[in-house]
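A closer look at the structure
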Amino acid sequence: MRALRFTRFGPPDDVLDVVDVTDPDIGSGDCLVAVKAASVNPSDLKNVAGAMEGTVLPRIPGRDFAGVVLEGPQDRIGAEVWGTGGDVGFTRDGSHAELIAVPSAALVRKPERLGFAEASVLGVNFVVGWLGAVETALLDKGETIAVFGVSGGVGSAVAQIARVRGARVIGIDRVAPAEDAPAAWAIEHFVPFTGDAGDVGSAVRRLTGGIGADVVYDAVGGVTTPTALASLAPRGRLVVISAIGTRTVKIDLVDFYHKEARMLGSDSRKLDCVQSAERLSQLTPYFEAGDFHPLPIARSFTLEQGRNAYSAVAGHLPGRVVICP
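Residues numbered from 1 in each chain as written. Predicted model: local features only at pLDDT ≥ 70, side-chain atom pairs only at ≥ 80, totals over all residues. Heavy atoms only, no water.

Okay, the nonpolar core next. Within the largest apolar cluster, 21 residues are counted, with the highest numbers of intra-cluster contacts made by Trp82, Leu122, Phe126, Leu283 and Phe287. Those elements giving two or more residues to this core turn out to be helix H4 (123-136), helix H5 (153-164) and helix H10 (273-288). For this core, the element with the highest residue contribution is H4, accounting for 5 residues. Residues contacting Phe287, with those up to four places away along its chain left out, are Trp82, Pro111, Arg113, Leu114, Leu122, Phe126, Phe292 and His293. With 20 residues, the next largest nonpolar core counts Ile145, Ala159, Ala183 and Ala186 among its residues. (Core = buried A, V, L, I, M, F, W, Y, C linked by side-chain atoms within 4.5 Å. Buried < 20%, exposed > 50% of the residue type's maximum accessible area, 1.4 Å probe, protein only. Helix = DSSP H or I, 4+ residues; strand = E, 2+ residues; numbered from the N terminus. Contact = heavy atoms within 4.5 Å.)

Here it is, written out as structure tokens:
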């Protein structure tokens, strides 16, 4: 089969090659899937660059995918499926290839409402969105959540999840979601991120009767964390999933403990493809019902154009980027 592969870490243009490799072997309980579409996530770029922990080389990258089962248990053959995982593209070969082998339990039937390309851009964003908002923060009906990075993939997913669960959603980002973007209908208010913690925190408190947000989901992290803390209500929960710009932040500990705040980390890399499938199974009914929607697909590339796909993501192209082998 043809696949993108890297044998050393570095810039995608330097280290990614389209190569012929042996078709994956599958064992008992595994499936061989023909990849119809696979998204390129920012974490895929970081993986190739060597900025992610635990990657074993040589490796085919790519976390998210949608495709058709070619081999495996009889009741699975021909099924249209989607999948993702914190191990996919890191310790097991990923989806930027014509074929991928994964455990049968890692595959979930693709929502019929979604095409292959649409389904392929959802895995990482919605799994980490669900993990952080629902499982980690325990977001409840009637609570207010402030979502930092609401115009991005994870932020958009969190806003939609929160709205469906009956929460009030405040979106925060440098640029507001486009009018036709999924997050636009999910948020009640938008606050521009200015970099001034006092300004943003004051705006969130003003929108919440002077209290602040019960949950703050910081999908950016690092440069936004002081502002996220300033937006938090007493006994509020801050969820952090990444660190952009800096790995360290200063916290006023007196203010932190007086507020009885809780700061929680959430890492989807800890969920392998089988554990991720459990979350996708919970999410699928919402997609079937039309409650959740993907960000628009900005560009599609062939496998041979794989380097260009990575360059498009590195250039912060609005919308999602997919590779269609």
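Turning our attention to the packing of aromatic side chains. What characterises a pair of aromatic rings is the spacing of the ring centres plus the angle enclosed by the ring planes. If you walk through the whole model with that rule in mind, you get 8 aromatic pairs. Judged by centre distance (6.2 Å) and plane angle (50 degrees), the rings of Trp130 and Tyr286 are tilted. Placement of the pair is Trp130 in helix H4 and Tyr286 in helix H10, with a sequence separation of 156 residues. Assessed through its relative accessible area of 23%, Tyr286 is described here as partly exposed. Its guanidinium or amino end placed over the ring of Trp130, Arg165 lies 5.7 Å from that ring's centre, counting from NZ or CZ. (Phe/Tyr/Trp six-rings, centres within 6.5 Å; stacked < 30°, edge-to-face > 60°. Lys NZ or Arg CZ within 6 Å of the ring centre and 35° of its normal.)

Burial analysis of H4 places 12 of its 14 residues in the buried class, which makes it a mostly covered element. Buried residues in H4 make contact with helix H3 (116-120), H5, strand E11 (213-218), strand E12 (232-240), H10 and strand E15 (320-323). In the stretch just after H4, Leu138 is the one whose phi turns positive, near 55 degrees.

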